[in-house]
Amino acid sequence: MLANRDSGKTARFEPRIVAFACNWCSYPAADAAGINKMQYPPNARIIRVMCAGRVHPAFVIKALELGADGVLVSGCHFADCHYLFGAKRAAEQFEKAAEITKLLGLEPERVRFEQISAAEAPIFVKVMHEFVDDLKKLGPSPLAGTATGELDIPDAVAVETT
């Protein structure tokens, strides 16, 4: 039974997770976990992105606003990035997202960055179990369901145009 967010009851809270996964490394790891019948919680909705470096902090905040209790950004290891600098950029973008999360008064454990290669399906499974457990301890996100249209990005965050 899922928790009723409106009543404030958390009889059995199951967190909702949005996972942004790199097309070349993390998404194949998630796929391999499924193909090899490795059990991991079904709490995540995985969004395949060509590069985790393209996950703007606004995407992370918007996912939280739209009802996610946690957001995972997962990409290549620095030395294995198909776009050479994408993994480094992903880490930089994530740091911005983590800072905004802090400014909003949310727990830093609600957002997570991982580097998982295509050959690391067991690590993907472990990360998912850990993340779900961490979010269960935190409970429902206070930001969930607050989306009202346009996302206001604080002036401290530079919006990049490329």
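Conventions and cut-offs
For every chain, the first residue of its written sequence is number 1, and the numbers climb from 1 along that sequence. With pLDDT at 70 or above as the cut-off, local features in this predicted model cover only qualifying residues; side-chain atom pairs require 80 or more to be listed or tallied, and sums for whole chains, interfaces and linings still use all residues. Neither water nor hydrogens contribute to the side-chain values; these are computed over all heavy atoms in the structure. Confidence of the prediction at every residue is given by pLDDT, a number between 0 and 100. Contacts are assigned to residue pairs that have any heavy atoms within 4.5 Å of one another. For our purposes a nonpolar core is just a set of buried Ala, Val, Leu, Ile, Met, Phe, Trp, Tyr and Cys residues, chained together by side-chain atoms within 4.5 Å. Working definition: with a 1.4 Å probe on protein chains only, accessible area under 20% of the residue-type maximum means buried, over 50% means exposed, and in between means partly exposed. A run of DSSP states H or I qualifies as a helix once it reaches four residues; a run of E qualifies as a strand once it reaches two. Both are numbered from the N-terminal end. A patch consists of residues whose relative accessible area exceeds 30% and which take part in no salt bridge; residues with like charges are grouped when within 9 Å of each other, and nonpolar side chains (Val, Leu, Ile, Met, Phe, Trp, Tyr) when within 5 Å. Only the protein chains shown count as cover for residues, and the accessible areas themselves come from Shrake-Rupley with a 1.4 Å probe. When a carboxyl oxygen of Asp or Glu is within 4 Å of a side-chain nitrogen of Lys or Arg, the pair counts as a salt bridge.

Observations concerning the confidence of the model for the protein chain
At step 1: On average, the protein chain scores 88 in pLDDT, and the residues at 70 or more come to 84%.
At step 2: Between residues 1–7, whose pLDDT stays under 50, and residues either more than four places distant or in other chains, the model counts 16 contacts.

A closer look at the nonpolar core
At step 1: Judged by nonpolar contacts, the single largest core of 22 residues is most densely connected at Phe-20, Val-60, Leu-64, Val-71, Val-73 and Val-111.
At step 2: Sorting the residues of this core by element identifies strand S1 (17–22), helix H2 (57–65), strand S3 (70–75), helix H3 (86–103) and strand S4 (111–115) as the ones contributing at least two each.
At step 3: Sort the elements by how many residues they give to this core and H3 lands first, with six residues.
At step 4: Not counting residues up to four positions away in its chain, the partners in contact with Val-60 are Val-55, Val-71, Val-73, Ala-97 and Val-111.

Digging into unusual backbone geometry
At step 1: Positive phi outside glycine occurs at Lys-37, with the angle close to 55°.
At step 2: Its location among the elements puts Lys-37 in the loop between helix H1 (26–35) and strand S2 (44–49).
At step 3: We classify Lys-37 as exposed; its relative accessible area is 69%.
At step 4: For Leu-84, which is not glycine, the phi torsion reads 65° and is therefore positive.
At step 5: Turning to its location among the elements, Leu-84 is positioned in the loop between S3 and H3.

What about a nonpolar patch on the surface?
At step 1: Taken together, the side chains of Trp-24, Met-50 and Tyr-83 define a hydrophobic patch exposed on the protein surface, amounting to about 290 Å² of accessible area.
At step 2: Its place among the elements puts Tyr-83 in the loop between S3 and H3.

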